[in-house]
Amino acid sequence: YRVAINHYVPKVYPGRMTLLRASQQPAGYDYTPQLGWEGLAAEGIEVHEIPGYYGSILTEPRVRILATQLRACLDRAQVAEGLGADERPLMKGSAR
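Student: Can you tell me about the pattern of salt bridges, naming the residues and giving the values?
Tutor: The full count for this structure, using the stated rule, is 5 salt bridges. Between E46 and R16 there is a salt bridge, and its shortest N-O distance comes to 4.0 Å. With E46 in strand β2 (residues 45–53) and R16 in the loop between α1 (2–7) and β1 (17–24), the pair connects residues that are 30 residues apart, well separated along the chain. Two residues, E49 and R21, come together in a salt bridge whose shortest N-O distance is 3.5 Å. Here the residue E49 occupies a position in strand β2, and R21 occupies one in strand β1, the gap between them amounting to 28 residues. Since its relative accessible area comes to 49%, E49 is described here as partly exposed.

The structure is reproduced here in structure tokens:
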């Protein structure tokens, strides 16, 4: 698989990308806001920082912040696609 990884050339996505990232990154990682994704979305990248270290945003209490931000991003995308509130899928535990 290393050969495949070394030869893989990603294609540019024709739309806009949304990146949810931790505010604190480990040493040695790309510290640009886009974390190396720049140039891979033709319409740009919308970056949202979730407070905390990269491993901590998937655990309580930060995962709630992540879920809230993700829900807001999904709602905006669905509105942009013209979906009404009754056509949008529900997240587990959410209510309209």
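Student: For the side chain of H48, give the residues involved together with the corresponding values.
Tutor: With respect to the secondary-structure elements, H48 resides in strand β2. Contacts of H48, omitting those with residues within four sequence positions, involve T18, L19, L20, R21, Q69, C73 and R76.

Student: Can you break down the nonpolar core residue by residue, with the values?
Tutor: Counting residues in each nonpolar core, the largest one holds 5 residues, listed as M17, L19, L40, A41 and I45. The residues touching A41, leaving out its near neighbours within four places in the chain, are V12, Y13, G15 and M17.

Student: So, the confidence of the model for the chain: which residues are in play, and what are the values?
Tutor: Of all residues in the chain, 84% have pLDDT values of 70 or greater, and the mean over the chain is 86. Confidence, expressed as mean pLDDT per element, reaches its minimum in the chain at α1 with 89 and its maximum at β2 with 95.

Student: Could you give an account of a nonpolar patch on the surface, naming the residues involved and the relevant values?
Tutor: Together, Y29, Y31, Y53 and Y54 make up a nonpolar patch on the protein surface, roughly 450 Å² of accessible area in all. Turning to its location among the elements, Y31 is positioned in the loop between β1 and β2.

Student: How would you explain the packing of aromatic side chains if you had to name every residue and give the values?
Tutor: The geometry of two aromatic rings is summed up by the distance between their centres and the angle between their planes. Within the structure shown, the criterion is met by 1 aromatic pair. Taking the centre distance of 4.7 Å and the plane angle of 70 degrees together, the rings of Y53 and Y54 count as edge-to-face. The partly exposed category is assigned to Y53, whose relative accessible area is 39%.

Student: Any chance you could break down unusual backbone geometry for me, citing the residues and the numbers?
Tutor: The omega torsion of the bond from E60 to P61 falls at 0 degrees, within 30 degrees of zero and hence cis. As for its position among the elements, P61 is in the loop between β2 and α2 (62–80). Phi at L35 takes a positive value of approximately 55 degrees, unusual for a residue other than glycine. Looking at where L35 falls in the secondary structure, it is placed in the loop between β1 and β2.

Calculation notes
- Residues numbered from 1 in each chain as written.
- Predicted model: local features only at pLDDT ≥ 70, side-chain atom pairs only at ≥ 80, totals over all residues.
- Heavy atoms only, no water.
- Salt bridge = Lys/Arg side-chain N within 4 Å of Asp/Glu carboxyl O.
- Helix = DSSP H or I, 4+ residues; strand = E, 2+ residues; numbered from the N terminus.
- Buried < 20%, exposed > 50% of the residue type's maximum accessible area, 1.4 Å probe, protein only.
- Contact = heavy atoms within 4.5 Å.
- Core = buried A, V, L, I, M, F, W, Y, C linked by side-chain atoms within 4.5 Å.
- pLDDT = per-residue confidence, 0-100.
- Patch = residues over 30% accessible without salt bridge, like charges linked within 9 Å, V, L, I, M, F, W, Y side chains within 5 Å.
- Areas by Shrake-Rupley, 256 points an atom, 1.4 Å probe, with all protein chains shown as cover.
- Phe/Tyr/Trp six-rings, centres within 6.5 Å; stacked < 30°, edge-to-face > 60°.

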